[in-house]
Amino acid sequence: HGGKDPGAVGKRAKEKDIALDIALKVGAYIEENIPDVKVIYTRKEDVYVELWKRAEIANQAEADLFISIHVNAIHKPSVQGTLTLVLGQHRAGENLDVAMRENSVILLEDDYEKNYDYDPNSPEGHIMLSMFQNVFLEQSILFAEMVEAQIHSSANRRSRGVKQAGFVVLKETTMPSVLIETGFLSNSTEEKYLRTPEGQLQIAYAILSA
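These numbers come from a predicted model, not from an experiment.

## Structural notes on the layout of surface pockets
Approximately 900 Å³ is the volume attributed to the largest pocket. Residue lining of the largest pocket: 33 residues in total, with Val 39, Ile 40, Leu 65, Phe 66 and Ile 67 positioned closest to the centre. Element by element, the count of residues in the lining of the largest pocket is highest for helix α1 (residues 15-33), at six residues. Of the residues assigned to the lining of the largest pocket, the class counts are 23 nonpolar, five polar and five charged.

## Digging into the nonpolar core
If you look at the biggest cluster of nonpolar residues, it comprises 27 residues, and the most contacted ones within it are Ile 22, Val 26, Leu 194 and Ile 203. At the level of secondary structure, the elements contributing two or more residues to this core comprise α1, β1 (66-72), α6 (137-153), β4 (177-184), α8 (188-195) and α9 (197-209). Beyond its immediate chain neighbours, meaning those up to four positions away, Ile 22 contacts Ile 69, Thr 182, Leu 194, Gln 200, Ile 203 and Ala 204. Counting 13 residues, the second largest nonpolar core, distinct from the first, contains Ala 58, Phe 66, Phe 167 and Leu 170.

## Brief notes about helix α2 (residues 51-60)
Considered for burial, the residues of α2 that qualify are Leu 51, Arg 54, Ala 55 and Ala 58. End-on, the buried residues of α2 take up no more than an arc of 90 degrees, which puts them together on one face.

## Details of the pairing of β1
Within β1, six of the seven residues are buried, which leaves the element mostly enclosed by the surrounding structure. Bridge count for β1 against β4 is six bridges, and the pairing is parallel. Each bridged residue has a counterpart across the sheet, and for His 70 the counterpart in β4 is Glu 181.

## Thoughts on the packing of aromatic side chains
Summed over the entire model, instances satisfying the criterion amount to one aromatic pair. Measuring from centroid to centroid gives 5.7 Å for Tyr 29 and Tyr 205, while their planes differ by 75 degrees, and the two rings are edge-to-face. You can see Tyr 29 sitting in helix α1 and its partner Tyr 205 sitting in helix α9, a full 176 residues away along the chain. The exposure class of Tyr 205 is partly exposed, given its relative accessible area of 41%. The aromatic ring of Tyr 193 is capped on one face by Arg 157, whose charged end is 3.6 Å from the ring centroid.

## Focus on unusual backbone geometry
The backbone phi angle of Glu 62 is positive, close to 55 degrees, even though this residue is not glycine. By secondary structure assignment, the location of Glu 62 is in the loop between α2 and β1. Glu 62 sits in the exposed class, given a relative accessible area of 68%. Phi angles above zero are rare outside glycine, and Asn 156 is one such case at about 55 degrees.

## Considerations on the packing of α1 against α9
The interhelical angle for the contact between α1 and α9, taken along N-to-C directions, is 50 degrees, at an axis separation of 8 Å. Overall, the two elements α1 and α9 adopt an arrangement that is oblique. As for the relative orientation of α1 and α9, their crossing is right-handed in sense. Taken together, the residues of α9 that come into contact with α1 (itself represented by Ile 18, Asp 21, Ile 22, Lys 25, Val 26, Tyr 29, Ile 30 and Asn 33) are Pro 197, Gln 200, Leu 201, Ile 203, Ala 204, Tyr 205, Ile 207 and Leu 208. For the contact of α1 with α9, a count of residues per class yields 12 nonpolar, two polar and two charged.

## What to know about the sheet that holds strand β2 (residues 82-87)
Strands sit in the order β1-β4-β2-β3 across an open sheet of four strands; the sheet is mixed. Each edge of the sheet is formed by a strand with only one pairing partner; in this case those strands are β1 and β3 (159-165). This sheet shows a mean twist of 20 degrees between the axes of neighbouring strands, independent of strand direction. Here five bridges tie β2 to β3, and the two strands are oriented parallel to one another. Following the sheet pairing, Leu 87 is matched in β3 by Ala 165. This element, α6, spans β1, β2, β3 and β4 of the sheet and lies at about 175 degrees to β2.

Calculation rules
- Residues numbered from 1 in each chain as written.
- Predicted model: local features only at pLDDT ≥ 70, side-chain atom pairs only at ≥ 80, totals over all residues.
- Heavy atoms only, no water.
- 1 Å grid on protein atoms, 1.4 Å probe; cavity = no way out; pocket = protein on both sides within 12 Å on 5 of 7 lines; lining within 4 Å.
- Points joined across faces, edges and corners; volume = space filled by probe spheres on them.
- Helix = DSSP H or I, 4+ residues; strand = E, 2+ residues; numbered from the N terminus.
- Nonpolar A, V, L, I, M, F, W, Y, C, P; charged D, E, K, R; others polar.
- Core = buried A, V, L, I, M, F, W, Y, C linked by side-chain atoms within 4.5 Å.
- Buried < 20%, exposed > 50% of the residue type's maximum accessible area, 1.4 Å probe, protein only.
- Contact = heavy atoms within 4.5 Å.
- Arc of directions from axis to C-beta.
- Pairing = 2+ DSSP bridges.
- Phe/Tyr/Trp six-rings, centres within 6.5 Å; stacked < 30°, edge-to-face > 60°.
- Lys NZ or Arg CZ within 6 Å of the ring centre and 35° of its normal.
- Axes fitted to C-alpha atoms, helices over the stretch in contact; angles between N-to-C directions.
- Parallel < 35°, antiparallel > 145°, perpendicular 65-115°, else oblique.
- Left-handed = near helix turned anticlockwise from the far one by under 90°.

Given below as structure tokens:
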């Protein structure tokens, strides 16, 4: 998300802003605490980067780990918690809905048909995408479990666990990859938490710990 793509929208916050704030904090934490690790950002400001380009940045750098940070939203305001997803089959309708929402941003791209081989509005297309064999799936799941464990323990957030779904941005990467939904903007309590620097730092530190 970013630029023309706001992502999920709450009463006072937009996903593109919260995700960027957390990503920058994660990067700063890593650079400070693990200086041997080089952090590469897909964006450091409010700009839109195509899904394929995000993966290309990681692939060209021969990155060891890809972390995609997001914020969730759903029509039920009572739903809350974090969720970390890896590439795989859709295990539930909720996971399919999340994947379709995140992937639909490719429609904002010029000539998207040339860059992607499926219809982002088609459930069948997402199910086919989810069957793509990810050779790094085991490592991706291991890291995803660590993320959720740390978010629950160190940030004291409710964890909704690790799920599998078909995300374009994960399919295109050639390294262990996860997509972290850091909370729900549709939940007023979580939106308030995610808007605060303290909340963002807690989430960022949990990701660093993982």
